[in-house]
Amino acid sequence: LRHLDRLLGRAAKDLEADGVRVARPFRVALGAQPAAALLGWLAERPHDVVVLGAGAKTAADRVLLGSTAERVVREAPCPVWLTRPC
């Protein structure tokens, strides 16, 4: 978790240097369904946008969004920006 916190902190600093406001503190949901955890957090207070990795890594995966991304896109109370995997 400390390693993840450092990675997220670096990414946040890069975004903030470009003028993007990043919500802190970071939250990590262990043992929870990712879509349910994210949608619950989004319901707690308003957000401008959610940036979410779509998760497609193979040709077969590209045909469909991952189940987490699909559910968040359908149910989020704010816009969702999907990104390609690195």
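Above this text sits the structure in question.
The notes below deal with the structure included here. (Residues numbered from 1 in each chain as written. Predicted model: local features only at pLDDT ≥ 70, side-chain atom pairs only at ≥ 80, totals over all residues. Heavy atoms only, no water.)

## Some details on the overall build of the protein chain
Thought 1: If you tally the helices and strands in the protein chain, you get four helices and two strands.
Thought 2: When the elements of the protein chain are put in sequence order from the N terminus, they spell out α-α-β-α-α-β.
Thought 3: A total of 86 residues make up the protein chain; the buried ones form 19% of that total.
Thought 4: Put simply, of all contacts in the protein chain between residues at least 6 apart along the chain, 54% involve residues at least 24 apart.
Thought 5: For the protein chain, the computed accessible surface area is about 6,900 Å², with 56% contributed by carbon and sulfur atoms. (Helix = DSSP H or I, 4+ residues; strand = E, 2+ residues; numbered from the N terminus. Buried < 20%, exposed > 50% of the residue type's maximum accessible area, 1.4 Å probe, protein only. Contact = heavy atoms within 4.5 Å. Areas by Shrake-Rupley, 256 points an atom, 1.4 Å probe, with all protein chains shown as cover.)

## Let's talk about the nonpolar core
Considering soluble globular proteins, one finds that nonpolar side chains tend to be buried as a cluster.
Thought 1: With 10 residues, the main nonpolar core is built from A35, L38, L39, L42, V50, L52, A69, V72, A76 and C78.
Thought 2: Those elements that provide at least two residues to this core are α2 (34–44), β1 (50–53) and α4 (67–75).
Thought 3: No other element matches α2, which puts four residues into this core.
Thought 4: Excluding its chain neighbours within four sequence positions, the residues that come into contact with L38 are V50, L52 and V72. (Core = buried A, V, L, I, M, F, W, Y, C linked by side-chain atoms within 4.5 Å.)

## Structural notes on the layout of surface pockets
Thought 1: Empty space within the largest pocket amounts to approximately 1,400 Å³.
Thought 2: Lining the largest pocket are 31 residues, with V22, A23, F26, L38 and V51 positioned closest to its centre.
Thought 3: When contributions to the lining of the largest pocket are tallied by element, the ones reaching two or more residues are α1 (2–17), α2 and β1.
Thought 4: The element that contributes the greatest number of residues to the lining of the largest pocket is α2, accounting for six residues.
Thought 5: When its residues are assigned to classes, the lining of the largest pocket shows 23 nonpolar, two polar and six charged. (1 Å grid on protein atoms, 1.4 Å probe; cavity = no way out; pocket = protein on both sides within 12 Å on 5 of 7 lines; lining within 4 Å. Points joined across faces, edges and corners; volume = space filled by probe spheres on them. Nonpolar A, V, L, I, M, F, W, Y, C, P; charged D, E, K, R; others polar.)

## Observations regarding the pattern of salt bridges
Thought 1: Counting across every chain of the model gives four salt bridges.
Thought 2: Where R21 meets D48, a salt bridge forms, and the shortest distance between an N and an O atom there is 3.1 Å. Taken together, the residues span a long stretch of sequence, with R21 in the loop between α1 and α2 and D48 in the loop between α2 and β1 at a distance of 27 residues. Across the pair, D48 and R21 agree in class, each one exposed.
Thought 3: Salt bridges sharing partners connect three or more residues here, namely E70, R71, R74 and E75. (Salt bridge = Lys/Arg side-chain N within 4 Å of Asp/Glu carboxyl O.)

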